[in-house]
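The lines below spell out each chain.
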Amino acid sequence: MLGVAVSAAMLLDMVMLSTGMRVSLRTLLLSRGFQLRLAPKGTLPFDTDATIPDASNVIRVLRTIPEVSTISPVLGGQLHVTVGTRTITATALGVEPSVQGDYEITQGRPSARPNELVASDDFLRATGAKIGDTLSAASGYDPQLRSFTGRRTFLVVGRARFLYMPAEHRAVALPIATLQQMRGAELRDRASLFMIRAREGADVDTVLQHIQAALPAVTAVSIETAMRQVDERMSYFRQLAFILGAVSLAVGFLLVTTLVTVSVNERLGEIVVMRAIGVARSRVVLQIVIEGVAIMFVGAIAGLGLGLVTARYLNSILAAFPGLPAAIDFFVFEPRDAWGALGLLTVAGILAGIYPSWRGASLPIAITLREEAVG
Amino acid sequence: MSDTLLTAHDLRREYHMGDELVRAVRGVSLQVERGDYVAIVGPSGCGKSTLLNLIGGIDHPTAGSVTIDGARIDQMGDGEATRFRLRHIGFVFQRFYLMPALTAIENVELPMAEAKVPREQRGRRARELLAYVGLGERHDHRPAQLSGGEQQRVAIARALANKPQLLVADEPTGELDAKTGAEMIELVAQVNRDGTTIVVVTHDEDLAHAARRVVHMRDGVIVDDRRQDAP
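Residues numbered from 1 in each chain as written. Chains lettered and ligands numbered in written order. Predicted model: local features only at pLDDT ≥ 70, side-chain atom pairs only at ≥ 80, totals over all residues.

### Focus: the overall build of chain B
Then step 1. Helix and strand content of chain B: 7 helices and 10 strands.
Then step 2. Taking all 231 residues of chain B together, the buried fraction comes to 48%. (Helix = DSSP H or I, 4+ residues; strand = E, 2+ residues; numbered from the N terminus. Buried ≥ 20, exposed ≤ 12 C-beta atoms within 10 Å, placed from the backbone.)

### Re the nonpolar core
Then step 1. A:A8, A:L11, A:V256, B:I40 and B:V199 are the most contacted members of the largest nonpolar core, which totals 117 residues.
Then step 2. At 15 residues, helix α1 (residues 2-29) of chain A tops the list of elements feeding residues into this core.
Then step 3. Residues contacting A:A8, with those up to four places away along its chain left out, are A:G252, A:G299, A:A300, A:G303, A:L304, A:G307, A:A341 and A:L345.
Then step 4. Core analysis: the second largest hydrophobic core is formed by 55 residues, A:Y103, A:A191, A:A198 and A:L208 among them. (Core = buried A, V, L, I, M, F, W, Y, C linked by C-beta atoms within 7 Å. Contact = placed C-beta atoms within 7 Å.)

### Some words on unusual backbone geometry
Then step 1. At A:D54, a position not held by glycine, the phi torsion is positive, near 55°.
Then step 2. Within the fold, A:D54 resides in the loop between β1 (36-40) and α2 (55-63).
Then step 3. Classification of A:D54 by C-beta neighbours within 10 Å gives partly exposed; the count is 14.
Then step 4. For B:F96, which is not glycine, the phi dihedral falls at a positive 65°.
Then step 5. By the secondary structure assignment, B:F96 is in the loop between β6 (89-92) and α3 (104-114).
Then step 6. Judged by the 24 C-beta atoms lying within 10 Å of it, B:F96 is buried.

### Quick look at the interface of chain A and chain B
Then step 1. The partner chain B presents 17 residues to the 14 residues of chain A that form the contact.
Then step 2. The element that contributes the greatest number of residues to the side of chain A that touches chain B is helix α8 (residues 268-276) of chain A, accounting for 5 residues.
Then step 3. Counted by class, the side of chain A that touches chain B contains 8 nonpolar, 2 polar and 4 charged residues. (Nonpolar A, V, L, I, M, F, W, Y, C, P; charged D, E, K, R; others polar.)

### Some remarks on the sheet that holds strand β3 (residues 37-41) of chain B
What holds strands together in a sheet is hydrogen bonding between their backbones, with the strands either parallel or antiparallel.
Residue and element names in this part refer to chain B.
Then step 1. Ordered in space as β6-β7-β8-β3-β9-β10, the 6 strands form an open sheet in which the pairing is mixed. The sheet is open, and its two edges are formed by β6 and β10 (221-227), each paired on a single side. Strand-to-strand twist of the sheet, defined as the mean angle between neighbouring strand axes without regard to direction, takes the value 15°.
Then step 2. By the bridge criterion, 5 bridges tie strand β7 (residues 166-170) to strand β8 (residues 197-201) in an arrangement that is parallel. If you follow L167 over to β8, its bridge partner there is I198. (Pairing = 2+ DSSP bridges. Axes fitted to C-alpha atoms, helices over the stretch in contact; angles between N-to-C directions.)

### What to know about the pairing of strand β9 (residues 152-162) of chain A
All names here are of chain A.
Then step 1. Pairing analysis gives 5 bridges linking strand β4 (residues 103-108) to β9, with the strands arranged antiparallel. Looking at β9, one finds that I105 is bridged to A160.
Then step 2. Relative to β9, strand β5 (residues 116-119) runs parallel, the two sharing 4 bridges. When the sheet's bridge partners are listed, A119 is paired in β9 with R159.

### Quick look at the confidence of the model for chain B
Then step 1. Per-residue confidence for chain B gives a mean pLDDT of 93; residues scoring 70 or more make up 98%.
Then step 2. Interface confidence in the predicted complex, given as ipTM, is 0.91; pTM for the same model is 0.69. (pLDDT = per-residue confidence, 0-100.)

### Structural notes on the sheet that holds strand β4 (residues 63-68) of chain B
All names here are of chain B.
Then step 1. Overall, antiparallel pairing links the 4 strands, which are arranged β2-β1-β4-β5 in an open sheet. This sheet does not close on itself; its edge strands, each paired only once, are β2 (20-33) and β5 (71-72).
Then step 2. The sheet contact formed by strand β1 (residues 4-17) and β4 spans 5 bridges and is antiparallel. The residue of β4 that forms the bridge with L6 is I68.

### Some words on the packing of helix α7 (residues 235-266) of chain A against helix α9 (residues 281-318) of chain A
Residues and elements named next belong to chain A.
Then step 1. For the pair α7 and α9, interaxial distance at closest approach is 10 Å and the crossing angle is 135°. The orientation of α7 relative to α9 falls into the category oblique. Judged by the twist between their axes, the crossing of α7 over α9 is right-handed. Of the residues in α9, those touching α7 at G252, V256, L259, V260, S263 and V264 are I288, E291, G292, I295 and M296.
Then step 2. Residue composition of the contact of α7 with α9, grouped by class: 7 nonpolar, 3 polar and 1 charged. (Parallel < 35°, antiparallel > 145°, perpendicular 65-115°, else oblique. Left-handed = near helix turned anticlockwise from the far one by under 90°.)

In structure tokens:
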């Protein structure tokens, strides 16, 4: 029974793994309701350091498309904060605080003025700063002069959880205009990414087509496009999950077949006597198959619990890979997955019980009784 | 006018045991009248249990025929023979073979459930049968909680569940002590007195003595067949 439970646990884990990252990433991308993203031509968002020029014009064009509801420009960069003799470097996101979709405030408030920023736990821990503190930060470094450039003083107004970054990551968010100014001519009126929310009821694919037509110099991707690309990149995980899941199912099937076979062999006398007193062969087979399914079912229920525990453990290991957003899970439990695994196991239990039960119920009654009497 | 329930004609049963051909039954003909009580006796290996299996329709003869109440059971397929046994033949085995997971009453109900007797009706009949065999108070005991004699009583009640015309019993006292065996002999005789035709295979002289007719077998053939006065 333990073997069946382990096999069921592994099957559930593999079903969860095969869809988990996809579901998790999709949930993450849609978490703030932005269905479309614009990235520099030929790239995915933040795939390279490339930026989109003439950002204000892009916004102006996007506003002419009636189905577009919200536009959130994002500029990526770095911020260097000097603390005593140390320099702390953090990922900086320039955003429009009122429409941003990159972080959630966990304490304090969003930035309201050009010199205000919100920061991650890890950044605040590293700098020793608290909400209300002032920090001197630079956005660039000149290697020839060995000095920081674009220095400004910021007021820390909030603590934030950055949705697309690892849990332990130094990150800050500040108004996009401030970051553009700090980087000077290099990034004036540029953005790394635009996140776009379509109006309620609008067809996202239609909006995508309108954007592509209006802005041919950028790459527009919908969630579905992004997911297709993720699917291509993550096909290894799905194949691995499929193979391991199939192996688990096969092991469960063989275990139940063995258990049912042993059970049938131990009860041959009972089985042939049932046949002798007039119980139909199909009824005998059905009863034994039900026993096989019951074994599989009990094992599966135990396995589901075990599978959830092991999935959580494995997820904690995989989620610790560097660079992964904290919100990404490899194993996502969905009731549909549990029902799917349970259904597969039930079918396997039925199939596993059919052969030994049919064999038992088809034995010649008189010969079997004689052998039982001798045995 | 005779009222024949069972006719076995020139029955033969051969099977292979390794390379050896065993001729267990070698041309047995037998008629059993309705309401009769026949004991088949003989030394071990003489073919009496094989003959009983052929009569009971759980084995197929190599040659010959078995007719019960006008039906040729030797010509029936598996499904038809199973349905025939369910309605017409009751079986009692030496080792009882009750279903260990079922209670006494559930064991008795089993053939009736298979025969699709309504639940209430079969519960009532199962209780009556358990009372008839002297186990009125032990409905809900499982086989493991019953003595050998009690288990055999449940087996007899199960065999009578669908009111069979013929009850076949293979060494029904074989695993019982003398006192319990004597009680079983009386119960089987009572079943016969109440109208059920009985064919029993036994080594037990007392059981054979209780029958109205004793058939002696040796080497697969009937060597003696005589009626005796009821004790």
